[in-house]
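Spelled out from the first residue to the last, the chains are:
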Amino acid sequence: MDSAIELSDARHLHVHERCPLCDSPRLTPRWTVEHYAIVRCEDCSLVFVREAPTPEELSVFYSGASDVVYADDNLDCLNFYYEALRTRIEHYRPGRGRLLDVGCSGGWFLDVMKGWECYGNEISKADAAKARERYGDRIFCGSLEDYPTTSDLFDVITLQDVFDHLPLPLVALRKCWALLKPGGLLVIKVHNISCLYAKLSGRAFYALLPPFHLFYYDKHTLFRALQKTGFQPIDSRYMAHVLKVSTILLRLSRGEQTSGFYWMYRLAKDSLIGEIKV
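Owing to the predicted nature of the structure, the values given are computational and were not obtained by experimental measurement.

Criteria and cut-off values
Residues numbered from 1 in each chain as written. Predicted model: local features only at pLDDT ≥ 70, side-chain atom pairs only at ≥ 80, totals over all residues. Heavy atoms only, no water. Salt bridge = Lys/Arg side-chain N within 4 Å of Asp/Glu carboxyl O. Helix = DSSP H or I, 4+ residues; strand = E, 2+ residues; numbered from the N terminus. Buried < 20%, exposed > 50% of the residue type's maximum accessible area, 1.4 Å probe, protein only. Patch = residues over 30% accessible without salt bridge, like charges linked within 9 Å, V, L, I, M, F, W, Y side chains within 5 Å. Areas by Shrake-Rupley, 256 points an atom, 1.4 Å probe, with all protein chains shown as cover. Core = buried A, V, L, I, M, F, W, Y, C linked by side-chain atoms within 4.5 Å. Contact = heavy atoms within 4.5 Å. Pairing = 2+ DSSP bridges. Axes fitted to C-alpha atoms, helices over the stretch in contact; angles between N-to-C directions.

## Some words on the pattern of salt bridges
Working step 1: What the rule picks out here adds up to 13 salt bridges.
Working step 2: One salt bridge in this structure joins R86 and E90, with 2.9 Å as the shortest N-O distance. Of this pair, R86 and E90 both sit in helix α2 (residues 75-92), separated by four residues, roughly a single helical turn.
Working step 3: The partner of D235 in a salt bridge is R88, and the shortest N-O contact between them spans 3.3 Å. On the criterion of sequence distance, the pair formed by D235 in the loop between α7 (219-228) and α8 (245-253) and R88 in helix α2 is long-range, its members being 147 residues apart.
Working step 4: A relative accessible area of 31% places D235 in the partly exposed class.
Working step 5: On the accessibility criterion, R88 (21% relative accessible area) is partly exposed.
Working step 6: Within this structure, R86, E90 and R96 form a network of salt bridges that share partners.

## Re a nonpolar patch on the surface
Working step 1: Taken together, F261, W263, M264 and L267 make up a surface patch of nonpolar side chains, about 430 Å² in accessible area.
Working step 2: Inspection of the secondary structure assignment puts L267 in helix α9 (residues 260-268).

## What to know about the nonpolar core
Working step 1: Judged by nonpolar contacts, the single largest core of 49 residues is most densely connected at C19, I157, L159, L173 and L186.
Working step 2: Of the residues forming this core, the biggest block, five residues, is contributed by helix α5 (residues 169-179).
Working step 3: Dropping the residues within four chain positions of it, L173 is found in contact with F163, L186, I188, A225, L226, T229 and F231.
Working step 4: In this structure, L78, L99, C104 and A128 belong to the second largest nonpolar core, which totals 21 residues.

## Let's talk about the side chain of S259
Working step 1: Here S259 is to be found in the loop between α8 and α9.
Working step 2: Exposure remark for S259: the relative accessible area of 16% places this residue in the buried category.

## Let's talk about unusual backbone geometry
What is expected of a backbone is that most residues other than glycine have negative phi and most peptide bonds are trans.
Working step 1: Cis geometry is adopted by the peptide bond preceding P211, which originates at P210 and carries an omega value of 5°.
Working step 2: Looking at the secondary structure, you find P211 in the loop between α6 (196-201) and β11 (215-216).
Working step 3: For H35, which is not glycine, the phi dihedral falls at a positive 70°.
Working step 4: Its location among the elements puts H35 in the loop between β3 (27-33) and β4 (36-41).
Working step 5: With a phi close to 75°, S45 is a non-glycine residue in the positive phi region.
Working step 6: Mapped onto the fold, S45 is located in the loop between β4 and β5 (47-49).

## Section: the pairing of strand β6 (residues 98-102)
When a strand is regular, its side chains alternate between the sheet's two faces.
Working step 1: Where burial is concerned, most of β6 is hidden: five out of the five residues are buried.
Working step 2: The two faces of β6 match: R98, L100 and V102 on one face and L99 and D101 on the other face are all buried.
Working step 3: Here β6 runs beside strand β7 (residues 117-122); their pairing, made up of five bridges, is parallel. Across the sheet, residue R98 finds its bridge partner in β7, namely E117.

## Focus on the sheet that holds strand β10 (residues 180-189)
Working step 1: Taken in spatial order, the five strands make up an open sheet running β8-β7-β6-β9-β10, and their pairing is parallel. Taken across any chain shown, the strands that pair with only one partner, and hence form the sheet edges, are β8 (139-141) and β10. Mean inter-strand twist for the sheet, computed between neighbouring axes without regard to direction, equals 15°.
Working step 2: Two elements, strand β9 (residues 154-160) and β10, share six bridges in a ladder whose sense is parallel. Paired with T158 across the strands is V187, a residue of β10.

Treat this as a map of the structure, not an account of what it does.
Now the structure itself:
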């Protein structure tokens, strides 16, 4: 069983009473962010949001969200990372093949994967519509759990800044297993809750953004989740990104308009300083 879920109050419909990764009841409170309780499992060290929104609730959140990182005028920054990731993928799959990008947004990563048969999965209707302009019905709008399973399996599945958003991570990994060819490659990119910056910043860590980010992994907990669902980890690494100064300030503010970082973001936005790339 992935987790025990009980009914809670009207604000949060479901609450994890046990760790979704190891089923331990030993959960220690860490922080409260935007009325969400973030806890740590004392047995496996997984950090996660105790309240678990439904896919329908998440769809409402994402439909009203905006992220300057995925704006059209930020594609050169995105492509710096995407090209590096393509090199890593083709190191393991030089023959190319069928690729599914889960959480594909407007299809920007698919645009980089020339020579691949590209498919996408996106929960946001607006973003899925952008991707469909180029990839048609190869873009599925909905949750990963609802993605159609057919005999045409994938050589590679990527989840970039997606896995930490999913309310049922082990269910999602089993779905990926069902969609991958035997020996297929699964690529997951997440924020690292054990990095030095996360340890120093604590509750102010920029990635603590419930209900968008529901789980906070490090190498140990991510590998444990993969191994529990049949995957064998073969590589783990930090990969460099290029970010605009305005994007960095916005992320440091965590969207809080009373934050000093948000004030600096407003000043830098659309300015020459804000456009500087780091």
